[in-house]
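# Per-entry structural report
Residue-level listing of the chains:
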Amino acid sequence: MPESAYWTIVLIDDEADIREVMTMSLQDSGYRVLDASNGEAGIRLCHQEKPEIVITDIRMPGMDGIQVLKTIKTSLPDTEVIVATAFGDIDVAIRALQLDASDFITKPISDEALFLALRRAQQRYTSRKKLLDYTALLEQQVVNQARILHQDKLMSMGRLAASVVHEINNPLSGILNYIRLMIRMLGKGQPIEFHKDKFLQYLDVVERETARCSGIVSNLLTFSRRTEPVVHPVNIPDMIDRSVMLIRHKLDISHIRLTVSVKPDIPVVNGDMNQLQQCILNLILNAIDAMPDGGSLTIRAGMGPDNAGVAIQIQDTGTGIAESDLPHIFEPFFSTKEAGYGVGLGLSTVFGIMERHGGRVDVISRTGQGATFTLWLPMSAG
Ligand SMILES: Nc1ncnc2c1ncn2[C@@H]1O[C@H](COP(=O)(O)OP(=O)(O)OP(=O)(O)O)[C@@H](O)[C@H]1O
Ligand SMILES: [Mg+2]
């Protein structure tokens, strides 16, 4: 019986003859058997040897079989326990099963009943192990998924950062140049009054450019910080400005012409600014990816039909979306991009955020004819 080769059994019985006979019979079938003459010794043995299966007599002086069962099920819950009861002792057998014994056999024990009970105990043990492994696997998958989500966020952060570095670099070199110029002028030894007008003019530029840098940095910080959704009144034109500020350089180097058209009457909506901004950025990043040879990006915002809410539209003149892909683009991990370029979480994130805001996201697109994504937000979003 090769399947018994790796199973260890602890046998607890106060009668030496019974232990001897059963041990022989079990060892002949390939089991590893350890025996104990009372409950306490049996439990000690179990803690040392961690057997898969315990066979315990019920009626023993001192600690009886029911107490052995209870103790083992508490401290070593994976262990299968088979109890041996006297013939006709059906109440005890039922009590044992209620306490999660895997089976009971009646004395005098026949080999047939013993091996049948063992086989059932082994099956129970194996399926429980499988279930545990499966649960562990599921947990691992959830952890992985969370990690991928976080990685994706880091990746889009990386893409943004590349754009932001350039955004900040330009004003910084401007500031540096003006400061160097002023230092050189001062070095000529003329009185400060002499340069006053020029200095005021330069300092004005320095102030403006510094403010721009600081705006970009704080914008990036708000976007990257992991926060719970916070609902506040959101000024849509401001939000679009901030998004464009983060992405402008990327549009420039991708030869994409940007048109922003925001209706002046657009009302303030309630929502989570960071999350809504993330939607706009994800849509713009997708539009950029869809126009590798340049094109036009149009961002519009205005009232939706019936003035029931606000619509923000992001339209590109890129590759468009194949009809067969359209039903899938909002699914997590759906991406047509090369490995390393897209995880397929951008649009599913947008979908989730819009849903949480009581709004929705729509798309109109055909292969070769660009794509138009529309975010619909109810006035009382969130
Ligand atoms: N503006 C668009 N033009 C053409 N196809 C698009 C556009 N936006 C999305 N798609 C298609 O939908 C797919 C899913 O987009 P989604 O933003 O969810 O993932 P991704 O851009 O591939 O990866 P990620 O956003 O995680 O970096 C894209 O791979 C692309 O095929
Ligand atoms: Mg994307």
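Shown above is the structure to which this text applies.
### With respect to the overall build of the protein chain
- For the protein chain, the count of helices and strands is nine helices and twelve strands.
- When burial is assessed residue by residue, the protein chain has 41% of its 382 residues classed as buried.
- Within the protein chain, counting contacts between residues at least 6 apart in sequence, those at least 24 apart form 70% of the total.
- Entry remark: accessible area of the protein chain is about 21,300 Å², with carbon and sulfur atoms responsible for 56%.

### Overview of the packing of helix α8 (residues 273-290) against helix α9 (residues 346-356)
- In the contact formed by α8 and α9, the axes pass within 9 Å of each other and the chain directions differ by 150°. With respect to each other, α8 and α9 are oriented roughly antiparallel. Classified by chirality, the crossing of α9 by α8 is left-handed. Here α8 contributes Gln-275, Leu-276, Gln-278, Cys-279, Asn-282, Leu-283 and Asn-286 to the contact with α9, which in turn contributes Gly-346, Leu-347, Thr-349, Val-350, Ile-353, Met-354 and Arg-356.
- Within the contact of α8 with α9, the residues separate by chemical class into seven nonpolar, six polar and one charged.

### Section: the sheet that holds strand β3 (residues 53-57)
- What the five strands build is an open sheet, ordered β2-β1-β3-β4-β5; its pairing is parallel. One side of each edge strand has no neighbouring strand; the edge strands of this open sheet are β2 (32-36) and β5 (103-107). Strand-to-strand, the axes of this sheet are offset by a mean angle of 20°, without reference to chain direction.
- In this sheet, β5 lies alongside strand β4 (residues 80-86) in parallel orientation, the contact comprising five bridges. Across the sheet, Val-83 pairs through a bridge with Phe-104, a residue of β5.
- Where helix α1 (residues 16-28) meets the sheet, its contacts fall on β1 (8-12), β2, β3 and β5, and the angle it forms with β2 comes to roughly 170°.
- Docked against the sheet, helix α2 (residues 39-49) engages β1, β2 and β3, running at close to 145° with respect to β2.

### Description of unusual backbone geometry
- Here the residue pair Lys-107 and Pro-108 is connected by a cis peptide bond, since its omega of -5° sits within 30 degrees of zero.
- Its place among the elements puts Pro-108 in the loop between β5 and α5 (111-187).
- Here the phi dihedral of Lys-50 falls at roughly 45°; this positive angle occurs in a residue that is not glycine.
- Relative to the assigned elements, Lys-50 resides in the loop between α2 and β3.

### Description of the nonpolar core
- Core analysis: the largest hydrophobic core is formed by 39 residues, its most contacted members being Ile-236, Leu-297, Ile-312, Phe-373 and Leu-375.
- Secondary-structure elements contributing two or more residues to this core are α7 (236-253), α8, β9 (295-303), β10 (309-316), α9 and β12 (371-378).
- Setting aside chain neighbours within four positions, we find Ile-312 in contact with Ile-236, Met-239, Ile-240, Ile-280, Arg-300, Ala-301, Phe-373, Thr-374 and Leu-375.
- Counting 21 residues, the second-largest nonpolar core is a separate cluster that includes Ile-66, Val-68, Ile-72 and Ala-96.

### Topic: α2
- The complete set of buried residues in α2 reads Gly-39, Gly-42, Ile-43, Leu-45 and Cys-46. An end-on view of α2 places all buried positions within 160° of arc, on one side of the element. Seen from the buried face of α2, the exposed residues on the opposite side, beyond 90 degrees, are Arg-44 and Gln-48.
- Buried residues belonging to α2 abut β1, β2, β3 and α3 (65-75).
- The opening residue of α2, the one whose side-chain oxygen lies 3.2 Å from the backbone nitrogen of Glu-40, is Asn-38.
- The first or second residue beyond α2 is Lys-50, which carries a positive phi of 45°.

### Some details on the site of ligand 1
- Near ligand 1 lie 23 residues; those nearest to it are Asn-286, Ser-335, Thr-336, Lys-337 and Leu-345.
- At a separation of 2.6 Å, an oxygen atom of ligand 1 approaches a polar side-chain atom of Ser-335.
- In isolation ligand 1 has 580 Å² of accessible area, and contact with the protein removes 94% of it.
- Looking at the shell around ligand 1, the elements with two or more residues in it are α5, α8, α9 and β12.
- Here the element with the most residues in the shell around ligand 1 is α8; it accounts for three residues.
- A class-by-class count of the residues in the shell around ligand 1 yields eleven nonpolar, eight polar and four charged.

### As for α3
- Here α3 has its buried residues at Gly-65, Ile-66, Val-68, Leu-69, Ile-72 and Lys-73. Along the long axis of α3, the arc covered by the buried residues comes to 155°, so they all point the same way.
- In this structure Asp-64 caps α3, since a side-chain oxygen of it lies 3.2 Å from the backbone nitrogen of Ile-66.

### Examining the pairing of β10
- The buried fraction of β10 is high, at six of eight residues.
- Note that β9 and β10 share seven bridges and pair antiparallel. Bridge pairing links Gly-302 to Ala-311 in β10.
- Where β9 folds back onto β10 in an antiparallel hairpin, the turn is made up of five residues, including Asp-306, whose phi is positive at roughly 65°.
- Examined bridge by bridge, β10 and β12 share eight bridges and lie antiparallel to one another. Bridge assignment links Asp-316 to a residue of β12, and that residue is Ala-371.

### Brief notes about the sheet that holds β10
- Strand order across the open sheet formed by five strands is β7-β9-β10-β12-β11, with mixed pairing between neighbours. Unpaired on one side and paired on the other, β7 (256-262) and β11 (360-365) mark the two borders of the sheet. If you compare each strand with its neighbour and ignore which way they point, the axes differ by 15° on average.
- Alignment of β11 against β12, held across six bridges, turns out to be antiparallel. By the bridge assignment, Ile-364 is partnered in β12 with Thr-372.
- Lying over the sheet, α7 contacts β7, β9, β10 and β12, oriented at roughly 175° with respect to β7.

What counts as what
- Residues numbered from 1 in each chain as written.
- Chains lettered and ligands numbered in written order.
- Predicted model: local features only at pLDDT ≥ 70, side-chain atom pairs only at ≥ 80, totals over all residues.
- Heavy atoms only, no water.
- Helix = DSSP H or I, 4+ residues; strand = E, 2+ residues; numbered from the N terminus.
- Buried < 20%, exposed > 50% of the residue type's maximum accessible area, 1.4 Å probe, protein only.
- Contact = heavy atoms within 4.5 Å.
- Areas by Shrake-Rupley, 256 points an atom, 1.4 Å probe, with all protein chains shown as cover.
- Axes fitted to C-alpha atoms, helices over the stretch in contact; angles between N-to-C directions.
- Parallel < 35°, antiparallel > 145°, perpendicular 65-115°, else oblique.
- Left-handed = near helix turned anticlockwise from the far one by under 90°.
- Nonpolar A, V, L, I, M, F, W, Y, C, P; charged D, E, K, R; others polar.
- Pairing = 2+ DSSP bridges.
- Core = buried A, V, L, I, M, F, W, Y, C linked by side-chain atoms within 4.5 Å.
- Arc of directions from axis to C-beta.
- Polar contact = N/O pair within 3.5 Å; in protein donor to acceptor, adjacent residues only side chain to side chain.
- Near = heavy atom within 4 Å.

Function cannot be inferred from these measures alone, as they are strictly geometric.
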